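Geometric and topological summary
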Amino acid sequence: MSEEDLNLIKMIREAYEAKNSIGCTGRRYCMPCPRGVTIPEIFKLYNSQQLMKSHVIDKVVYKNNFVPAGSGAEQCVACGICIGRCPQTLEIPELLKKVHAELMA
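Here goes a summary of the coordinates provided. (Residues numbered from 1 in each chain as written. Predicted model: local features only at pLDDT ≥ 70, side-chain atom pairs only at ≥ 80, totals over all residues. Heavy atoms only, no water.)

What follows deals with the packing of aromatic side chains. We describe a pair of aromatic rings using the distance from one ring centre to the other and the angle between the two ring planes. For the structure shown, the criterion picks out one aromatic pair. Judged by centre distance (6.0 Å) and plane angle (25 degrees), the ring pair of Y62 and F66 falls under stacked. Taken together, the positions of Y62 and F66, both in helix α3 (residues 57-66) and four residues apart, correspond to about one turn of that helix. The pair Y62 / F66 is uniform in exposure class, with both members buried. (Phe/Tyr/Trp six-rings, centres within 6.5 Å; stacked < 30°, edge-to-face > 60°. Helix = DSSP H or I, 4+ residues; strand = E, 2+ residues; numbered from the N terminus. Buried < 20%, exposed > 50% of the residue type's maximum accessible area, 1.4 Å probe, protein only.)

Below you can see the structure in the form of C-alpha cells.
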C-alpha cells in the first residue's frame, strides 16, 4: 500500500475509535454467559448506534428483542467470568451497564 493509503486507513481508524466504540471483536470468547446475556451482540448494537448517532433502529432492536427475551445487559450480575475469557481484557460488566443505559434512553 502507498503512504497515502496507509494514512487514509489511520484516519478512518482514529475516527472510528473516537466514536466511543467498544473494542469487542465478536469472537464470543466471553460466552456463554451464565445469565444469558448476549454480550457480543449487545456490544455490536451499541457500536452501530454510536457510529450512527441519530440511528434509532439499534435502540428499538435492543428494547424490543434483547430485553424482553432476558438476554439484555440488565441481566448481568457482574460475576466476572466473561472478563477472564476476554482477550481484549474489556471490563464487560461495567461496559454492559453503560450500554444498557444508553440503549434504553
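That shown, we press on.
What follows covers the packing of helix α2 (residues 39-51) against helix α5 (residues 92-104). α5 packs onto α2 with a crossing angle of 50 degrees between their chain directions and a minimal axis gap of 10 Å. As far as their axial angle goes, α5 and α2 are oblique. For α2 against α5, the interelement crossing comes out left-handed. Of α5, the residues touching α2 (which contributes I39, I42, F43, L45, Y46, Q49 and Q50) are I92, L95, L96, K98, V99, E102 and L103. (Axes fitted to C-alpha atoms, helices over the stretch in contact; angles between N-to-C directions. Parallel < 35°, antiparallel > 145°, perpendicular 65-115°, else oblique. Left-handed = near helix turned anticlockwise from the far one by under 90°. Contact = heavy atoms within 4.5 Å.)

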